[in-house]
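Per-entry structural report
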Amino acid sequence: MTRTVLIVEDEPKVAAALCEGLEGEGYAVAVAATGEDAFFRISTESFSVVLLDLALPGRDGLAVLQALRRNDSDTRVLILTARDTLADRVAGLDAGADDYLVKPFAFAELVARIRALERRGRVVGPTLAQADLQLDLWSRKVSRGGRAIDLTAREFTLLEHLLRAPGQVVSRDTLAREVWQERERTPTLDNVIDAHIARLRKKVDEPCDGRLIHTVRGVGFVVREEAS
Ligand code: CA
């Protein structure tokens, strides 16, 4: 499958550099320089990932994002912007962005984030589920067998990553990178990951019949129904 990226960016130099870099990584790339142009492209073509500058002439990035989300929850959106205030970040995520990168950033980090978004795959609805466990991505509510489970933000993100790959082992390296935003695993971080997994089990598995969160020794963790 061709991996397609739409770059929405009004600075020609920035857009050209991103375009060249991403083409070098094997992506098919399109560029939109205005909000109107972006809106036209997303209405007529489909992209795996949209890189969205917020400050654009005319219709701004947030408006483009809101328009996209009205009928499309599949396209991954990564906001790229010099705006780094908390309010802007929250507004972007509230409007349906999947991730956020503040300029200036290292190109390698951008590519890593794009890959992470692609790995998340397509979300069919706003809920991730395995057996009787449900995780609602929008309300951020988790329940098992209809019983509500109260998770911390980090526990939620950890469970979300496991549920996005049901039946597949998620490595500690992936969790370190995507849940803890650390480039590399360390013994200390491994302990932190173990502690969070233990707490998740206590909340998700212990009160119920059937374990869902499993350790694959030396590799990582997997969410799946136990074979009976
Ligand atoms: Ca701009």
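The shown structure was predicted, so the numbers you read here are calculated from the model rather than taken from an experiment.

1. Regarding the domain arrangement of the chain
What the domain assignment reports for the chain is domain 1 (4–122) and domain 2 (127–223). Computed over C-alpha atoms, the centres of domain 1 and domain 2 are 28 Å apart. Taken residue by residue, the interface counts five residues in domain 1 and five residues in domain 2. Buried area between domain 1 and domain 2, both sides added, is near 480 Å², and the carbon and sulfur share of it is 40%. Among the residues domain 1 hides against domain 2, the three largest losses belong to E109, R119 and R120. Together they make up 71% of the total. Here domain 1 and domain 2 share one salt bridge between them. Linking E178 and R119 is a salt bridge whose minimum nitrogen-to-oxygen distance equals 2.2 Å. Applying the counting rule to domain 1 against domain 2 returns one residue pair in polar contact (both at pLDDT 80 or more). Here the side of domain 1 that touches domain 2 gets four residues from one element, more than from any other, and that element is helix 5 (residues 107–120). Partitioned by chemical class, the residues of the side of domain 1 that touches domain 2 number one nonpolar, no polar and four charged.

2. Section: the packing of helix 6 (residues 153–163) against helix 8 (residues 187–204)
It is at 10 Å that the axes of helix 6 and helix 8 come closest, and there the two elements cross at 85°. In terms of orientation, helix 6 and helix 8 fall into the roughly perpendicular class. Contact with helix 6, carried on its side by R154, E155, L158, L159 and L162, involves H196, I197, R199, L200, K203 and V204 of helix 8 and no other residues of that element. Counted by class, the contact of helix 6 with helix 8 contains six nonpolar, one polar and four charged residues.

Reading guide: rules and limits
- Residues numbered from 1 in each chain as written.
- Predicted model: local features only at pLDDT ≥ 70, side-chain atom pairs only at ≥ 80, totals over all residues.
- Heavy atoms only, no water.
- Domains from an automatic or database assignment.
- Contact = heavy atoms within 4.5 Å.
- Buried area = accessible area lost by both parts, 1.4 Å probe.
- Salt bridge = Lys/Arg side-chain N within 4 Å of Asp/Glu carboxyl O.
- Polar contact = N/O pair within 3.5 Å; in protein donor to acceptor, adjacent residues only side chain to side chain.
- Helix = DSSP H or I, 4+ residues; strand = E, 2+ residues; numbered from the N terminus.
- Nonpolar A, V, L, I, M, F, W, Y, C, P; charged D, E, K, R; others polar.
- Axes fitted to C-alpha atoms, helices over the stretch in contact; angles between N-to-C directions.
- Parallel < 35°, antiparallel > 145°, perpendicular 65-115°, else oblique.

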